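What the coordinates show
Residue strings, one per chain:
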Amino acid sequence: MDNPQELFPVVDEDGRVLGTIRRSQAHDGTKILHPVVHLHVFNSQGMLYLQHRPQWKDIQPGKWDTATGGHVDAGEDVAHALRREVGEELGITDFQEEFLGKYIFEGKRERELVYVYRCVYDGEVKPNEEELDGGRFFTLDEIRQKIGKDFLTPNFEDEFTKFFGT
């Protein structure tokens with residue numbers, strides 16, 4: 001279960017830290033801008049790994065989402081947050097990330113400055129059973145066929161289209 005007291009940085013649109021908020025405030029509808037990291041994990045066959053979000057998540061429970069997506073903690077830099085989240089969620093520590101860009105995502109209850117990365121990885125993926133409800137590799141065609149069908153998170157659909165086309 002997520003810790004509602006966990007502290008996240010509040011940032012401006014350029015990523016400069018302005019203060020801190022609790023996790024509970026980050027998703028309470030106030031839409032205070034805070035940073036997150038996303039890693040898209042491809043294998044050498046061009047398939048993309050997606051995580052299955054558990055039903056207990058406060059945002060988009062039960063949907064398929066970016067391989068790794070997590071918050072930057074207060075006092076932590078983006079690079080460290082990416083490594084920490086990928087290790088915690090997927091058990092992957094030996095990857096070479098490529099920065100794709102950043103953008104602001106605004107959902108119904110949150111507003112996030114998203115730092116987007118990708119990598120190619122053919123090793124074992126070990127989803128953390130306490131954080132995820134598993135995951136698997138999908139072909140890009142499978143993903144395209146699921147867009148708009150309430151299977152994927154809206155954030156993932158937008159990001160996939162923005163960075164990898166339709």
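For the structure itself, consult the block above.
In this text the structure is predicted, and so the values were computed from the model without any measurement. (Residues numbered from 1 in each chain as written. Predicted model: local features only at pLDDT ≥ 70, side-chain atom pairs only at ≥ 80, totals over all residues. Heavy atoms only, no water.)

**A look at the overall build of the protein**
Along the backbone of the protein there are 4 helices and 9 strands. Going from the N terminus to the C terminus, the protein shows its helices and strands as β-β-α-β-β-β-β-α-β-β-β-α-α. Relative to its length of 166 residues, the protein is compact, with a C-alpha radius of gyration of 15 Å against a globular reference of 15 Å. In terms of overall dimensions, the protein has a C-alpha envelope of 40 × 35 × 30 Å along the principal axes. Within the protein, the fraction of its 166 residues that count as buried is 45%. A fraction of 60% describes how many contacts in the protein between residues 6 or more apart in sequence connect residues 24 or more apart. Carbon and sulfur atoms provide 47% of the accessible area of the protein, an area that totals close to 8200 Å². With 20 positive and 32 negative side-chain charges, the protein shows a separation of 4 Å between the mean positions of the two kinds. (Helix = DSSP H or I, 4+ residues; strand = E, 2+ residues; numbered from the N terminus. Rg over C-alpha atoms; globule rule 2.2 N^0.38 Å. Buried < 20%, exposed > 50% of the residue type's maximum accessible area, 1.4 Å probe, protein only. Contact = heavy atoms within 4.5 Å. Areas by Shrake-Rupley, 256 points an atom, 1.4 Å probe, with all protein chains shown as cover. Lys, Arg positive; Asp, Glu negative; His and termini not counted. Charge placed at Lys NZ, Arg CZ, Asp CG, Glu CD.)

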